[in-house]
Amino acid sequence: MASIAPLLLLVLLSTALTISSGSVDGFTINGRVKIPQGMGTKGFVLPGKTSNVKVILNGGQIVTYLRPDGYFSFQNISAGTHLIEVTAIGYFFSPVRVDVSARNPGKVQAALTENRRGLSELVLEPLREEQYFEIREPFSIMNIVKSPMGLMVGFMLVVVFLMPKLVENMDPEEMRRAQEEMRNQGVPSLASLLPGGGRN
Amino acid sequence: MAIRSFFIPFLLFVLCFCSSLSPVLSLYEDQVGLMDWHQQYIGKVKQAVFSTQKTGRRRVIVSTEENVIASLDLRHGEIFWRHLLGSNDVINGIDIGLGKYVITLSSGGSILRSWNLPDGQMVWESFLQGPKHSKSLLLVPTNLKIEKDNVIVVFSNGRLHAVSCIDGEVLWKKDFEAESFEAQQVIQPSGSDLIYVVGFSASSQFKMYQINARNGELLKHESATFSSGFLREVSLVSSEMVVALDSTGSILLAISFQNGEISFQETPISNLVEDSSGPAVIIPLSVPGIFVIKTNSVTIFIKVIGKGKFEVVEKTNHETAVSNALPISEGQQAFALVQHAGSEIHLAVKLAHDWDDNLLKESIKMDQQRGIPHKVFINNYIRTDRSHGFRLLIVMEDHSLLLLQQGAVVWSREDGLASIIDVTASELPLERDGVSVAKVEHNLFEWLKGHMLKLKGTLMLASPKDVAAIQSMRIKSSEKSKMTRDHNGFRKLLIVLTRAGKLFALHTGDGRVVWSHLLHKSEACQSPIGLNLYQWQVPHHHALDENPSVLVISRCGPSSDAPGVLSFVDTYTGKELNSLSLIHAVVQVIPLPYTDSTEQRLHLLVDSDKHAHLYPKTSEALSIFKHEFSNIYWYSVEDHNGIIKGHALKCMCIGEVVDEFCFDTRDLWSVVFPSESEKIIATVPRKLNEVVHTQAKVIADQDVMYKYISRNILFVATVAPKCSGGIGSVTPEESWLVAYLIDTVTGRILHRVTHHGARGPVHAVFSENWVVYHYFNLRAHRYEMSVIEIYDQSRADNKDVWKLVFGKHNLTSPISLFSRPEVITKSQSYFFTHSVKAIAVTSTAKGITSEQLLIGTIGDQVLALDKRFLDPRRSVNPTQAEKEEGIIPLTDSLPIIPQSYITHALRVEGLRGIITVPAKLESTTLVFAHGVDLFFTQLAPSRTYDSLTEDFSYALLLITIVALVAAIIVTWRLSERKELQDKWR
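Residues numbered from 1 in each chain as written. Chains lettered and ligands numbered in written order. Predicted model: local features only at pLDDT ≥ 70, side-chain atom pairs only at ≥ 80, totals over all residues. Heavy atoms only, no water.

The name recorded for chain A in an unreviewed UniProt entry is ER membrane protein complex subunit 7-like protein, from Hibiscus syriacus. The UniProt entry for chain A carries this comment under Sequence similarities (unreviewed entry): "Belongs to the EMC7 family." The UniProt entry for chain A carries the following text under Subcellular location (unreviewed entry): "Membrane". (UniProt positions renumbered as here; feature names shortened; annotations may be inferred.)

Dropping the structure here:
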């Protein structure tokens, strides 16, 4: 059993993540970009439409595009550690660290740099979708009420309709005293403030 | 008491208001295009192939010098699809295979790709390798088949490949053993199964290989020697003859290789043209029976008659462009010829075998600012009366692309804008009074209609059609594209200089080209190369009746010590005011902070002999300059040998000619980096026109820190010399990055920090008292961004109020860079996900608004990141006081919030630079990002706190006011009645 596991792994690697010393100078990195069907319904990239996805090695050293089935490959790569970035409008891809070993060409390592997750095969999937716009909230009464103007209106309504109620519930004795006080202070009534109010 | 009772609800109200604002800057989808615009370009066209099949839309496939392949609509010139290849992946050739694939050969002939013609999806990619570098030739024969498979023939890297058109599989390959064989042409005579490869070997040998196209078998190999050698270019005049020049450029050679026999026919050019002078060059073309040579400025068309006999058919002094031949009917081939003559261009379409007869001859008026035609491509169509019509695609000197048909320009594209090298902003003219009444009335109706629609939209009553109308109305609002200055300073002109040496003025409102100006060519300078743009005259106080102008510095030739040319261009009209051809070179330009009485800025130009020249050359400028003579310092960076030097002025030039505007300079200091361990990869100074609001920074606990603000600090980054290769080429142990802050007046190193295991490329931005730089961390294998902030300690004890009261502070003491500054620095590093192409920082009119970093990512998007995320005072658990101050808890990586991409769902393809220009409104900054595409937008880093936003709900305001008025009336009535009742009682 223990002897089968590495064999299986080798088979996996040879199908998906082949880093081979194909020619005289350098190695080849093959991989695949997969955008799940469930994603991409927001309209940025149509599902399966991969013509504008770029795969970039080492910050622009090599740029390549995807084949219709999502596969890509880099050739003439030196041994060492490389960085692969995928750019697609509407998706967030983590850069991938790929180690190409010169001593044993079959051995490869790939890991997402964002969350340090190792990849057994070089299939790159977006970590999340990117929504570039705010969603406009639908029209609702609560929004208006919560807005500063709504609060103003609300406050005013409270004053107009609840204050008289409060005044009514007051003790008539106390009320008279308060009115007396007010008259003494000479607080003008609302009616006399308004134009035409003074005539009565 | 009363004040307080009023104040508390007000405060609460303000708090409520503020809490409703979300911290991120973002956009609703229907706001796209309101304040931003996006333009797509492709660059100067190198090669064009037409696809005019009966079915499907007519298109032209082009490859450009910006490394773009694109499919353009032949009717309108719009882009169907476009791909920008990597910078190391230069396109060598394009063609169309099987009528539905675009075949591109790139990367020095080692990558062959096929793209789906309708949508630009890559179909296959094939890597072709070979023993050595060579010229790359792509040939897509129309009717060569191997087992029902169409074949592409590629010669590259010294090897001939036959590649299947369907899946990119290499069917056969053939090496050419001869060491120095250089193929010049791959010929496939139609209807045969043979491929001829002809070329030169060892400079004097002509070789011809005949190859079986089915299996790559070498059928015949011939070589012949011509004693005086060849020039490299050849012109193919028939499928069995090429024309070449001997190495002196004075003898024409007809080389025929019919039936595998090579024969030379020599004809001295002087036999054909009596007054020929100087060596000739052949213009590589493939027109049967005709070839073109050029001596000095004369273009000569020569016809081949019979076996190696030549006849001159035309000589012309005009700038001429010739297309390749186009088969139009059985045995007939047509080609186009475009000549530039004054304000017109003459077009002619001729048949290859009949020079005197023109199929088409037209003259078209051409904008002088487009220069001369550089390239022409021809395409034909069948008119309804079965005669041939022709379309010509012309590439002009300013890199623009035009389609001509039936004597008119059908469409044109300003593709020079794909290669902007410098940008500056200019104000628009002031608004003048006097608006006609008719315009107002018309506007009133429109205004009412617009507002009705908007009301419908707000009340959610609008149909989808109305919504579209509202959207287009908002975008097209005439207000933003007016040609006058506005109150908020949003409307400006962006003056851009392109690689073709053309100036464009773009309106910030809608991005249209207001004027364009091709740099003036003079006798002294045939092809000036534009270098930089500077603001020459910005009238705002004294000389308001003058128009603002810009200074364009260009160089007369490719070498750095070629003499310079100065052009002064009026930014309102685009007219060249003056042009000076200098006798000295321009190595460095120093805009001085002084202006003369007409507000012309003084500029110091340093030449290659280290003399400084003052411009403008007026006595007034000289007297201002003399006054500040000892205060002028500058620095220069010699990055190839790792030296940074500081300079100052010494005295007047000592020479035989007295020039009082020329000054000798002296070296003040130099910083030499050890070449074995450090190599300069980035130097970033502070922006010259940046405004800083305050030196003091109030931190938690009412404490104050003083920013060390000096215009003369330079950020320098050096790396280990081994790090110059790719990311994978070094181990973390042998790579490091050293960041320096250097005072450029004294050469003092204010701060130095080493990042072990880090490497370039470094992108940095310097503003106020901080620098942010982006680099690669090899240990973590992630990109990192670091911030360094520098504070002045000598003022730190000014916090004491009593000292301030008794005047014992040193706030007013003059600052001199010669006194040793007591500075402290704080720094912090964070991970950042993406590679970066450019970094900029927002700039506002007064510098009060908080700043945002604008990061151009590898995906050609621009991300706005609040500077608060790059604050060295961030800690994992900030105290309550620090939280109130707005310090964000420390995280190891910087957040990428999709809503803060200012380019939203767009890409600025091939992003190269980001420029920010302050608007007059303090909260707002204008951002212009350029690459192959252009993108412009307005940004408010702390929201528009000084004006109402676009989505401010006027309807709600109106409703509130109405409700309040109604309530007042109701209460008034009630109160009136109450009073009446009181009186009756």
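S.K.: Explain the UniProt feature "transmembrane region" (unreviewed entry) in chain A to me, please; I cannot follow it from the model alone.
M.R.: Feature annotation in UniProt assigns "transmembrane region" (unreviewed entry) to the following positions: residues 149-167 of chain A. The distance separating the terminal C-alpha atoms of residues 149-167 of chain A is 27 Å; by composition the span is 100% helix and 0% strand. (Helix = DSSP H or I, 4+ residues; strand = E, 2+ residues; numbered from the N terminus.)

S.K.: How do you make sense of the interface of chain A and chain B when you look at a structure like this?
M.R.: Many descriptions give the size of an interface as the accessible area lost when the pieces come together. Residue-level contacts link 62 residues of chain A with 72 residues of chain B. A combined buried area of about 5,700 Å² lies between chain A and chain B, and 58% of that area is made up of carbon and sulfur atoms. Its largest share of buried area at the contact with chain B, chain A owes to Tyr65(A), Phe133(A) and Glu134(A), together 13% of the area lost on that side. On inspection of chain A and its partner chain B, the count reaches four salt bridges. One salt bridge connects Glu909(B) with Lys54(A), and the closest N-O pair in it is separated by 2.6 Å. Between chain A and chain B we count 14 residue pairs in polar contact (both at pLDDT 80 or more) in total. The set of elements that each furnish at least two residues to the side of chain A that touches chain B consists of β3 (54-57), β4 (62-65), β5 (71-77), β6 (80-87), α3 (148-169) and α5 (190-193) of chain A. No other element matches α3(A), which puts seven residues into the side of chain A that touches chain B. Residues belonging to the side of chain A that touches chain B are distributed by class as follows: 29 nonpolar, 22 polar and eleven charged. (Contact = heavy atoms within 4.5 Å. Buried area = accessible area lost by both parts, 1.4 Å probe. Salt bridge = Lys/Arg side-chain N within 4 Å of Asp/Glu carboxyl O. Polar contact = N/O pair within 3.5 Å; in protein donor to acceptor, adjacent residues only side chain to side chain. Nonpolar A, V, L, I, M, F, W, Y, C, P; charged D, E, K, R; others polar.)

S.K.: Is there a simple way to explain α3(A) in this structure?
M.R.: The α-helix advances 3.6 residues per turn, and as a result positions three or four apart in sequence lie on the same side. All names here are of chain A. Relative to the 32 Å expected for 22 residues at 1.5 Å per residue, α3 spans 31 Å between its end C-alpha atoms, a close match to the ideal helical length. Residue Leu 162 marks the point of greatest curvature in α3, where the axis turns by about 35 degrees; the proline Pro 164 follows within four residues. When α3 is considered as a whole, its buried residues turn out to be Pro 148, Met 149, Gly 150, Val 153, Met 156 and Val 160. (Expected span 1.5 Å × (residues − 1). Bend = angle between axes of the 7 residues up to and from the residue. Buried < 20%, exposed > 50% of the residue type's maximum accessible area, 1.4 Å probe, protein only.)

S.K.: Explanation requested: the sheet that holds strand β8 (residues 111-116) of chain B in the structure shown.
M.R.: Across a sheet, strands are paired by hydrogen bonds formed along the backbone, either parallel or antiparallel in direction. Residue and element names in this part refer to chain B. With antiparallel pairing, four strands are arranged side by side in an open sheet as β6-β7-β8-β9. Of all strands in the sheet, those bounded by a partner on one side alone are β6 (91-97) and β9 (122-127). Averaged over all pairs of adjacent strands, the angle between their axes in this sheet comes to 15 degrees, without regard to strand direction. As defined by bridge partners, β6 adjoins strand β7 (residues 101-106) across six bridges and the pair is classed as antiparallel. Note on β7: the bridge partner recorded for Gly 97 is Tyr 101. (Pairing = 2+ DSSP bridges. Axes fitted to C-alpha atoms, helices over the stretch in contact; angles between N-to-C directions.)

S.K.: Would you mind going over the nonpolar core with me for this structure?
M.R.: One recurring pattern in soluble globular proteins: nonpolar side chains tend to sit buried together. Residues and elements named next belong to chain B. Among the nonpolar cores identified, the biggest contains 38 residues, and Ile 42, Leu 72, Leu 393 and Phe 928 are the most heavily contacted of them. For Leu 72, the contacting residues outside a window of four places in its chain are Ile 42, Arg 58, Arg 59, Val 60, Val 62, Gly 77, Glu 78, Ile 79, Phe 80, Leu 401, Trp 411 and Arg 413. In this structure, Val 730, Ala 739, Tyr 773 and Ile 788 belong to the second largest nonpolar core, which totals 28 residues. (Core = buried A, V, L, I, M, F, W, Y, C linked by side-chain atoms within 4.5 Å.)

S.K.: How do you make sense of unusual backbone geometry when you look at a structure like this?
M.R.: When glycine is set aside, most residues are seen to have a negative phi, and most peptide bonds are trans. All names here are of chain B. Residue Pro 616 is bonded to the preceding Tyr 615 through a cis peptide linkage, with omega at 0 degrees. With respect to the helices and strands, Pro 616 occurs in the loop between β46 (611-615) and α5 (619-627). Residues other than glycine seldom take positive phi values, yet Arg 386 does so here, at roughly 65 degrees. Here Arg 386 is to be found in the loop between β32 (373-382) and β33 (388-396). Given a relative accessible area of 73%, Arg 386 falls into the exposed group. Residues other than glycine seldom take positive phi values, yet Gln 406 does so here, at roughly 50 degrees. Exposure remark for Gln 406: the relative accessible area of 56% places this residue in the exposed category.

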